[in-house]
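Structural features, examined
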Amino acid sequence: MDSTLDDMLAGKNPDFTFINDTFSGKIHVKLKRLYEILNQKSEQSSREKEKLNALISDISHQTKTPVANLKMYIQILSERKIDEKKRCEFLKLSLAQTEKLEFLLISLAKMSRLENGMISFSSNKLPVIEVIADALAQIMPLAEQKNISVNVDCCEDIVVFCDKKWTCEAIFNILDNAVKYTLPNGSIRVCVCKNNFYALIKIKDSGVGVSEAEQAKIFGRFYRSENAISVDGLGIGLFLSRQIISGQGGFITVKSESDHGAEFIISIPIK
């Protein structure tokens, strides 16, 4: 055998030792990287299982009451002899619970899709007043019933980049809460301005407000503020709004004090 080859195999040739060490190093780096990838996938899988378990738990918990109510109303209608007036009342109650259940299941589906990045937002350039107008149209009937004044201050030349349908839903959820938690004869003001990066939609109401301690919690899934317990709701709207806006590169903040109204500021990219 050639002496040079003997030296290489025996590790006496420093050049061969360097090559061998470099090769081993590369293998080590690749194995380490493979381990990190597998570990990341394992952690991701665990997180997805946790999300799924949380969603199943939420569905079970939130649907329990309307389903129980529906069963009770149906049993009463089928097993008892009741007059026409009572029958109509129970049918209306059944319809209300069915609608609540439908809304809940649709909302849960939206929440799951948003959390798992399964929704693709279609970003288009459009006047922000168009989005606000569509959201306002949906809350005006209830605002008029409660004699709540709604004022809007927005320049028509402010444009944003957003998905109109989803952004309208996010704004509607906040406006809807403003109407719900504002007493009759109260007021809601929508003011829009902009800076170098965002259009700022400020929605201020004269409602019950949110305590400072709760402001970090109100965007959580199914969270209900202590001031909101007496008003019908599920604690889903603000969660969905934040998911929708953050999914498009924006954010939502709140300024409020208990019994002194609340101001939600929605920041939407303008570029």
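Anyway, here's the lowdown on the structure attached to this text. All values derive from a computational prediction rather than experimental measurement.

Glancing now at the pairing of strand S6 (residues 251-256). Because side chains alternate across S6, one face comprises the buried residues Ile252, Val254 and Ser256, and the other comprises Phe251, Thr253 and Lys255, none of which is buried. The pairing of S6 with strand S7 (residues 262-269) spans 6 bridges and is antiparallel. Note on S7: the bridge partner recorded for phenylalanine 251 is serine 267.

Relative orientation and spacing of two packed helices are given, respectively, by the angle between their axes and the distance between those axes. The interhelical angle for the contact between helix H4 (residues 128-145) and helix H5 (residues 164-180), taken along N-to-C directions, is 35°, at an axis separation of 8 Å. When you trace H4 past H5, the crossing you get is right-handed. Contact with H4, carried on its side by Glu130, Val131, Ile132, Asp134, Ala135, Leu136, Gln138, Ile139, Leu142 and Ala143, involves Lys164, Thr167, Cys168, Ile171, Phe172, Leu175, Asp176 and Val179 of H5 and no other residues of that element. Class assignment of the residues belonging to the contact of H4 with H5 gives a composition of 12 nonpolar, 2 polar and 4 charged.

Before going further, it helps to spend a moment on the sheet that holds strand S4 (residues 187-194). The sheet built from 5 strands is open, its strands ordered S2-S4-S5-S7-S6 with mixed pairing. In this open sheet, the two strands that pair with only one neighbour each are strand S2 (149-153) and S6. On average, each strand axis in the sheet is inclined to that of its neighbour by 15°, with strand direction left out of account. Judged from the 8 bridges that link them, strand S5 (residues 198-205) and S7 form a sheet pairing that is antiparallel.

Right, let's talk about the packing of H5 against helix H6 (residues 237-246) for a bit. At their nearest, the axes of H5 and H6 sit 9 Å apart, and the two run at 150° to each other. Once H5 is placed against H6, the crossing between them reads as left-handed. In this structure, H5 uses Trp166, Thr167, Glu169, Ala170, Asn173, Ile174 and Asn177 to contact H6, whose residues at the interface are Gly237, Leu238, Leu240, Ser241, Ile244 and Ile245. Taken together, the residues of the contact of H5 with H6 sort by class into 7 nonpolar, 5 polar and 1 charged.

Parameters and conventions
- Residues numbered from 1 in each chain as written.
- Predicted model: local features only at pLDDT ≥ 70, side-chain atom pairs only at ≥ 80, totals over all residues.
- Heavy atoms only, no water.
- Buried < 20%, exposed > 50% of the residue type's maximum accessible area, 1.4 Å probe, protein only.
- Helix = DSSP H or I, 4+ residues; strand = E, 2+ residues; numbered from the N terminus.
- Pairing = 2+ DSSP bridges.
- Axes fitted to C-alpha atoms, helices over the stretch in contact; angles between N-to-C directions.
- Left-handed = near helix turned anticlockwise from the far one by under 90°.
- Contact = heavy atoms within 4.5 Å.
- Nonpolar A, V, L, I, M, F, W, Y, C, P; charged D, E, K, R; others polar.

By themselves, these figures tell us nothing about what the structure is for.
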